[in-house]
Amino acid sequence: MTDPWQECMDHCVEIAKQAGKVIREALQGDIAVMHKSSQVDLVTETDQRVERLIISSIKAKFPTHSFIAEESVAAGAPSILTDDPTWIIDPIDGTTNFVHGCFSHWLACV
């Protein structure tokens, strides 16, 4: 019998690799920046794209799991914690650094 949490971890590693590819590709072009609650609260199309990638992939594999995701909640989605396994998602932790290209050297390691 397989460990269901190991299955989640293995799946997440694969999603992280896909997300890393999306982020690396985004660094090659212009990054569209928007603001959420203030001028210093940034969000990019890449944040939103990566969040959709993560959620859709996990939903496909684990349809009973729930999500609280930074960009979705900022856009008005409810933040509801239930007894279901719940994923807390911050698609790009460090959006300000991402916008300014401050961790492009780190992405080479992903």
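From a predicted model like this one, the values you see are computed outputs, not experimental measurements.

Calculation rules
Residues numbered from 1 in each chain as written. Predicted model: local features only at pLDDT ≥ 70, side-chain atom pairs only at ≥ 80, totals over all residues. Heavy atoms only, no water. UniProt positions renumbered as here; feature names shortened; annotations may be inferred. Helix = DSSP H or I, 4+ residues; strand = E, 2+ residues; numbered from the N terminus. Buried < 20%, exposed > 50% of the residue type's maximum accessible area, 1.4 Å probe, protein only. Disulfide = S-S within 2.5 Å. 1 Å grid on protein atoms, 1.4 Å probe; cavity = no way out; pocket = protein on both sides within 12 Å on 5 of 7 lines; lining within 4 Å. Points joined across faces, edges and corners; volume = space filled by probe spheres on them. Nonpolar A, V, L, I, M, F, W, Y, C, P; charged D, E, K, R; others polar. Expected span 1.5 Å × (residues − 1). Arc of directions from axis to C-beta. Contact = heavy atoms within 4.5 Å.

Engineer: Sorry, what's going on with the UniProt feature "binding site: Mg(2+) 1" (unreviewed entry) in the protein here?
Structural biologist: Those places that UniProt annotates as "binding site: Mg(2+) 1" (unreviewed entry) correspond, in this numbering, to Glu70 and Ile92. Taken together, the annotated residues stretch across 23 residues yet fold into one region, lying no more than 9.6 Å apart by C-alpha. Residue placement: glutamate 70 occurs in helix 3 (residues 70-74). Residue class for glutamate 70 comes out partly exposed when judged on its relative accessible area of 31%. Turning to its location among the elements, isoleucine 92 is positioned in the loop between strand 4 (86-89) and helix 4 (95-99). For isoleucine 92, a relative accessible area of 3% gives the class buried.

Engineer: Even after reading the chapter, I still don't get the state of the cysteines, so can you show me in this structure?
Structural biologist: Here is the idea: a disulfide is a covalent bond, and it sits between the sulfur atoms of two cysteines. Counting across every chain of the model gives zero disulfides. Note on cysteine 8: no disulfide assigned, nearest cysteine sulfur contributed by cysteine 12 at a separation of 6.5 Å. Owing to a relative accessible area of 6%, cysteine 8 belongs among the buried residues under this scheme.

Engineer: Explain the layout of surface pockets to me, please; I cannot follow it from the model alone.
Structural biologist: Empty pockets left among the atoms are what a rolling probe the size of a water molecule brings to light. Empty space within the second largest pocket amounts to approximately 150 Å³. Of all the elements, helix 2 (residues 45-61) adds the most residues to the lining of the second largest pocket, at four residues. Here the lining of the second largest pocket is built from residues that sort into four nonpolar, two polar and four charged.

Engineer: How do you make sense of helix 2 when you look at a structure like this?
Structural biologist: Working note: α-helix, 3.6 residues per turn, so residues spaced by three or four point in the same direction. Between the first and last C-alpha of helix 2 there are 25 Å, a value that for 17 residues agrees with the 24 Å anticipated at 1.5 Å per step. Taken together, the buried positions of helix 2 are Thr46, Asp47, Val50, Glu51, Ile54, Ile55, Ser57 and Ile58. The buried residues of helix 2 occupy one face: seen down the axis, they fall within an arc of 165°. Relative to its buried face, helix 2 has exposed residues pointing more than 90 degrees away, namely Glu45, Arg52 and Ala60. Those residues of helix 2 hidden inside the fold are in contact with helix 1 (4-27), strand 2 (42-44), strand 3 (66-69), helix 3, strand 4 and helix 4.

Engineer: I'm lost on the UniProt feature "binding site: Mg(2+) 2" (unreviewed entry) in the protein in this one. Help?
Structural biologist: According to UniProt, the positions carrying the feature "binding site: Mg(2+) 2" (unreviewed entry) are Asp90 and Asp93. Counting through the fold element by element, aspartate 90 comes out in the loop between strand 4 and helix 4. On the basis of relative accessibility, which here comes to 36%, the residue aspartate 90 falls in the partly exposed class. Mapped onto the elements, aspartate 93 comes out in the loop between strand 4 and helix 4.

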